[in-house]
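# Geometric and topological summary
Letter by letter, the chains look like this.
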Amino acid sequence: MKIIVLAKQTFDTEAKLSLDNNGKIDGQGVKLIMNPYDEFAVEEGLRIKEKTNGEVTVISVDKEQDQDALRQAIAMGADEAVMVVPGDVELDEYATATILAKVISKMEYDIILGGFRAIDDGSCQVAGRVAESLNIPVVNMITEIKIENGKAQATRDIEGGSEVIEVKLPAVFTAQKGLNEPRYPSMKGIMKARKKPVKIIRLGELGLVEDQIAAKVKPVSYTLAEPRKAGQVIQDEPAKAVSQAVKLILEKVKVVV
Amino acid sequence: MGHILTEQQKELKELVRSFAVNEVKPHIKELDEKGEFPMELLKQAFEMGLHCLEIPEEYGGSGLDYQTTAVIFEELAKVDAGFAISLVTTFVALRSVIMAGNDAQKKLFADIIIPGAFGAFCLTEPNAGSDAGSIRATAVRDGDEYVINGSKCFITNGSVADVFVVFASTDRSKGVKGLSAFIVERSREGISVGKHEDKMGLRLSNTCDVAFSDVRVPVSHRLGEEGTGFTTAMNTLNISRAFVGTLAVGICQAAIDECVKYAKERVQFGKPIIEFQAVQMILADMEIQTEAARQLVHHSMVLMDQGKPVVKEGSITKCFCGDTVVRVTTDAVQIFGGYGVSKEYPVEKLMRDSKVFQIFEGTNQIQRLVIAKELAK
Ligand SMILES: Cc1cc2nc3c(=O)[nH]c(=O)nc-3n(C[C@H](O)[C@H](O)[C@H](O)COP(=O)(O)OP(=O)(O)OC[C@H]3O[C@@H](n4cnc5c(N)ncnc54)[C@H](O)[C@@H]3O)c2cc1C
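Quick notes on the rules
Residues numbered from 1 in each chain as written. Chains lettered and ligands numbered in written order. Predicted model: local features only at pLDDT ≥ 70, side-chain atom pairs only at ≥ 80, totals over all residues. Heavy atoms only, no water. Helix = DSSP H or I, 4+ residues; strand = E, 2+ residues; numbered from the N terminus. Rg over C-alpha atoms; globule rule 2.2 N^0.38 Å. Buried < 20%, exposed > 50% of the residue type's maximum accessible area, 1.4 Å probe, protein only. Contact = heavy atoms within 4.5 Å. Areas by Shrake-Rupley, 256 points an atom, 1.4 Å probe, with all protein chains shown as cover. Lys, Arg positive; Asp, Glu negative; His and termini not counted. Charge placed at Lys NZ, Arg CZ, Asp CG, Glu CD. Near = heavy atom within 4 Å. Polar contact = N/O pair within 3.5 Å; in protein donor to acceptor, adjacent residues only side chain to side chain. Nonpolar A, V, L, I, M, F, W, Y, C, P; charged D, E, K, R; others polar. Phe/Tyr/Trp six-rings, centres within 6.5 Å; stacked < 30°, edge-to-face > 60°. Axes fitted to C-alpha atoms, helices over the stretch in contact; angles between N-to-C directions. Parallel < 35°, antiparallel > 145°, perpendicular 65-115°, else oblique. Left-handed = near helix turned anticlockwise from the far one by under 90°. UniProt positions renumbered as here; feature names shortened; annotations may be inferred. Buried area = accessible area lost by both parts, 1.4 Å probe. Salt bridge = Lys/Arg side-chain N within 4 Å of Asp/Glu carboxyl O. Pairing = 2+ DSSP bridges. Domains from an automatic or database assignment.

## Side note on the overall build of chain B
When helices and strands are counted, chain B shows 10 helices and 10 strands. Against the globule reference of 21 Å for 377 residues, chain B gives a C-alpha radius of gyration of 21 Å, in line with a compact fold. Counting only C-alpha atoms and orienting by the principal axes, one finds that chain B spans roughly 80 × 50 × 40 Å. Relative to its 377 residues, chain B shows a buried fraction of 54%. Look at the contacts in chain B between residues 6 or more apart in sequence, and 75% of them connect residues 24 or more apart. On chain B, roughly 15,900 Å² of surface is accessible, and the fraction owed to carbon and sulfur atoms is 54%. Chain B carries 41 positive and 50 negative side-chain charges, and their two centres are separated by 5 Å.

## Some details on the site of the ligand
Residues and elements named next belong to chain B. Surrounding the ligand, one finds 18 residues, the nearest of these being Thr124, Ser130, Phe154, Thr363 and Gln365. Separating an oxygen atom of the ligand from a backbone N or O atom of Leu123 is a distance of 3.0 Å. At 2.7 Å from a nitrogen atom of the ligand is found a side-chain nitrogen or oxygen belonging to Thr156. When the ligand is considered free in solution it has 970 Å² of accessible area, and contact with the protein chains removes 64% of it. Of all the secondary structure elements, the ones that give two or more residues to the shell around the ligand are strand E3 (145-156) and helix H10 (364-376). A class-by-class count of the residues in the shell around the ligand yields 9 nonpolar, 7 polar and 2 charged.

## Some thoughts on the packing of aromatic side chains
Residue and element names in this part refer to chain B. Scanning the entire structure with this criterion turns up 17 aromatic pairs over all chains. Aromatic side chains Phe73 and Phe91 sit 6.0 Å apart centroid to centroid with 70° between the ring planes, which places their arrangement in the edge-to-face category. Taken together, the residues Phe73 in helix H3 (residues 66-79) and Phe91 in helix H4 (residues 81-100) connect sequence positions 18 residues apart. Each member of the pair Phe73 and Phe91 is classed as buried. Aromatic side chains Phe336 and Tyr345 sit 6.1 Å apart centroid to centroid with 70° between the ring planes, which places their arrangement in the edge-to-face category.

## Details of the packing of helix H3 (residues 93-105) of chain A against helix H4 (residues 126-134) of chain A
Residue and element names in this part refer to chain A. Interaxial distance between H3 and H4 falls to 8 Å at its minimum, and their mutual angle equals 50°. The pairing of H3 with H4 is recorded here as oblique in orientation. Regarding H3 and H4, the two cross each other, and that crossing is right-handed. Across from Glu93, Tyr94, Thr96, Ala97, Leu100, Ala101, Ile104 and Ser105 in H3, the residues of H4 making contact are Val126, Arg129, Val130, Ser133 and Leu134. The residue makeup of the contact of H3 with H4, split by class, is 8 nonpolar, 3 polar and 2 charged.

## Thoughts on the UniProt feature "domain: Acyl-CoA oxidase/dehydrogenase middle" (unreviewed entry) in chain B
As annotated by UniProt and renumbered to match this structure, "domain: Acyl-CoA oxidase/dehydrogenase middle" (unreviewed entry) occupies residues 120-215 of chain B. Spanning residues 120-215 of chain B, this segment combines 0% helix with 53% strand, and its end C-alpha atoms are found 16 Å apart.

## Thoughts on the interface of chain B and chain A
Contacts between chain B and chain A engage 22 residues on the former and 9 residues on the latter. Here chain B and chain A share an interface that buries about 1,300 Å² over both sides, 64% of which is from carbon and sulfur atoms. The largest contributions to the chain B side of the interface with chain A come from Glu11, Leu15 and Met48 of chain B, which together make up 38% of the buried area. Its salt-bridge partner being Glu14 of chain B, residue Lys31 of chain A comes within 4.0 Å of it at the nearest N-O pair. When residues of the side of chain B that touches chain A are traced back to their parent elements, those giving at least two are helix H1 (7-34) and helix H2 (39-48) of chain B. When residues of the side of chain B that touches chain A are assigned to their parent elements, the largest contribution, 11 residues, is made by H1 of chain B.

## Overview of the UniProt feature "domain: Electron transfer flavoprotein alpha/beta-subunit N-terminal" (unreviewed entry) in chain A
UniProt records the feature "domain: Electron transfer flavoprotein alpha/beta-subunit N-terminal" (unreviewed entry) for residues 22-210 of chain A in the present numbering. The distance separating the terminal C-alpha atoms of residues 22-210 of chain A is 24 Å; by composition the span is 32% helix and 30% strand.

## Structural notes on the sheet that holds strand E8 (residues 151-158) of chain A
Residues and elements named next belong to chain A. With mixed pairing, 9 strands are arranged side by side in an open sheet as E9-E8-E7-E10-E6-E1-E4-E5-E11. Only two strands of the sheet have a single neighbouring strand rather than two, namely strand E9 (161-168) and strand E11 (199-202). Taken over all neighbouring pairs, the strand axes of this sheet differ in orientation by 30° on average, direction set aside. Pairing between strand E7 (residues 138-148) and strand E10 (residues 171-175): 3 bridges, direction parallel. Within the sheet, the bridge partner assigned to Ile142 lies in E10 and is Ala175. Running at roughly 180° to E10, H4 makes contact with strand E1 (2-6), strand E6 (111-115), E7 and E10 of the sheet.

## Points about the domain arrangement of chain B
Residue and element names in this part refer to chain B. Domain annotation of chain B identifies domain 1 (7-118), domain 2 (119-227) and domain 3 (230-376). Once you take the C-alpha centre of each, domain 1 and domain 2 turn out to be 22 Å apart. In this assembly, 31 residues from domain 1 lie in contact with 24 residues from domain 2. A buried area of about 2,200 Å², summed over both sides, lies between domain 1 and domain 2, and 69% of it is on carbon and sulfur atoms. At the junction of domain 1 and domain 2, the tally comes to 0 salt bridges.

## Things to note about the pattern of salt bridges
Residue and element names in this part refer to chain A. Scanning the entire structure with this criterion turns up 43 salt bridges over all chains. Residue Arg183 pairs with Glu50 through a salt bridge whose shortest N-O separation is 2.8 Å. Taken as a pair, Arg183 in the loop between E10 and helix H5 (187-195) and Glu50 in helix H1 (residues 36-52) lie far apart in primary sequence, 133 residues in all. Exposure remark for Arg183: the relative accessible area of 25% places this residue in the partly exposed category. For Glu50, a relative accessible area of 51% corresponds to the exposed category.

Here it is, written out as structure tokens:
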């Protein structure tokens, strides 16, 4: 079984964000990690590989030097890593998905996995758009997947319960938390990943020109969330303090009871 | 901080740090209280290959050099030295096999460990501690086999190991020159594991008596010639001493990290205690000692990777690191004040964990004897 996993790097969840002089998000010195939802996708890809004697290829669209997520995937056990380098163009979800679909269309695949969202831009669009471009089904936010006879049974959470969906392969699935517990890479995996080259593909090689991937949406401006204000400490006997707190909550915070 | 790491060392260190902090650390308090062996967590460590770091590549391991292995073990020891020692001890036994064994023996040992297992090093006996040469265990030749009898104590991994390296006398009349080393699988008949030591520190590690009663092993399990056992044991310990040092440095670093954090938060006389010079002096001394200890470890590792002898350097490293960890963790408790002795806070455990570093792998008195003997040569 040929398994493709879409993965990207995001800022570390603990990173402190700031804006640069042009009002854009400043990536200088920020630690990058593999998008946690993509990590679930990589793990699931590896599990399917182990059960079906398959092969996992991980694909990312990013700057040439930002290969850490791909290397992590190899260290975890992925067979191949592909980095598509779009160069100096601003990408939106449409552009990224167009590039990915183009790369994938030249490959063999039975199943495509990705995170259901990236924790940085949180748009939840890329995997779905890739499926659309390739004209194959997509099942979003899965928490379980079983593969049998060219079909997949995927479980996803729905309001108040869960739903099992059966689709014919090839298809795209996006990972939700709970799908699995990603493994730590092994020591040997890390050493292997250091030696294994990541395959680099440039836009030109794909037969795509910049016009075809011109972004359809452009961010106009960014604002940082307001820093949290210091809390208020009420110092009194417990009983009195509680009634004061209740009063504050009702009057100032205007909680509806 | 510390010496300059290669890219690969940095990556391995980061991986181990994240595993230790995210998976192991949350359970430490409870495991330490119960004195429980963290088998499930160690199985996770097996999956990452932390039990194969030092096994040469041709036998299926990672074949990492000593410098890299030391970096990894300092990182594990920062979270729990007992956890680290369960893995390190396999390599103590391995080193005897690598140094004295033949190809088949190395393969035998590696094949047991690689699927996920522990090794143990059985030298100490109730009446043979510092005076390891006086061990009473015997191995009597019977045709193609040896019959081993004897009782070992303080054996790390004693009740969890799948393979032991056992030291026993093949010729009593020759004293130390009559000792020999053997590979003994746990599955052989006649091995029984005795009481588990309820220790003040390193409580996640397993330390027990192991008794061998008419245990038969083929002659092919003897490491090297008859009579070379004591040399094998000493050569193994020379290497292992520097590793004891790296674990001690890990504990020191944990103590410093906890203290700096606490001293910034704890306010007395209207300011964080880190602003008091008296506290700063203690912290600076902890840092000086720890960094010096780390550099000694690194120096020994470099020598060992070059295959140079480390009789003196290994002893200096072990001794300095052992004394340092006791001092640094005692100071850590001081910085925490009353909270330092409370089990609610992390540093009393570090102090409990530290003491044994002046005792095992040869007490610090014995290390000083070794160093003086080298000087007098
Ligand atoms: C947690 C733990 C794990 C261990 N793991 C292992 C293991 O895996 N395998 C193994 O074989 N052993 C192991 N040991 C045993 C350890 O190596 C011995 O405890 C150590 O060598 C000291 O021996 P002893 O306890 O018999 O002390 P003793 O030798 O009785 O020493 C008692 C005191 O006398 C001093 N002393 C003794 N002789 C002299 C001398 N000539 N000059 C000056 N002072 C002297 C010592 O320094 C010490 O202070 C372990 C011990 C501990 C505590």
